[in-house]
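# Structural overview for review
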Amino acid sequence: MSDKLKNIHVGVLVQQRVNVCEMEMSRICAFFKCSEIEINLMLQSESMDSYLLLRWSKLLGYDFFRIYSQHLILYSPPFAAEKKNNDKKLPELPQFRKHIYTKEVIDFILELVESGKKTKNQIMEEYRIPRTTLYRWISKYNNQNDH
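Below is a summary of the structure that appears in this document. The structure displayed is predicted, hence computed values, not measured ones.

### As for the packing of aromatic side chains
Applying the stated criterion to the full structure yields four aromatic pairs. Between F32 and W56, the ring centres sit 4.6 Å apart and the planes meet at 45°, which makes this aromatic pair tilted. Placement of F32 in helix α3 (residues 25-32) and of W56 in helix α5 (residues 50-60) is noted, with a sequence separation of 24 residues between them. We note that F32, like W56, is buried. Through a chain of ring-to-ring contacts, three or more aromatic side chains come together here, namely F31, F32 and W56. The cationic tip of R55 hangs over the ring face of F31; the distance from NZ or CZ to the ring centre is 4.4 Å.

Written out as structure tokens, the structure reads:
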């Protein structure tokens, strides 16, 4: 799981979703109003313009942006300005109160705890996961495994 989120090749991921959905190339070309060659170039691209990625997300019914969000949760260092300027307001951008954690990220974190690779404190520090969230996951998923 961690390699999938660490090295993102969005074209490959979109291609996988196209395959799962069994989407016809003719429908994709009509949706994007472009040729099969142009579609194949998109699918070979490691990165993609956000507008195109949004269109792919709509066409395939899958939030490809969440892949990047999960990457940020797991691999980005704390925002330096956040620490220094807690009182100063940053430019008006949408504010998100909660992180979105996928089942894959939760499983990854719980595996780190269960295997002893990281302590609970290390996980809270390194991945900035709130204490209550981590303990809720441990309680919830341990109870599910007991049944």
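### With respect to the side chain of S57
Residue placement: S57 occurs in helix α5. Of the polar contacts made by the side chain of S57, one reaches the backbone nitrogen of F64; its length is 3.3 Å. Excluding its chain neighbours within four sequence positions, the residues that come into contact with S57 are Y62, D63, F64 and F65.

So, how was this worked out
Residues numbered from 1 in each chain as written. Predicted model: local features only at pLDDT ≥ 70, side-chain atom pairs only at ≥ 80, totals over all residues. Heavy atoms only, no water. Phe/Tyr/Trp six-rings, centres within 6.5 Å; stacked < 30°, edge-to-face > 60°. Helix = DSSP H or I, 4+ residues; strand = E, 2+ residues; numbered from the N terminus. Buried < 20%, exposed > 50% of the residue type's maximum accessible area, 1.4 Å probe, protein only. Lys NZ or Arg CZ within 6 Å of the ring centre and 35° of its normal. Polar contact = N/O pair within 3.5 Å; in protein donor to acceptor, adjacent residues only side chain to side chain. Contact = heavy atoms within 4.5 Å.

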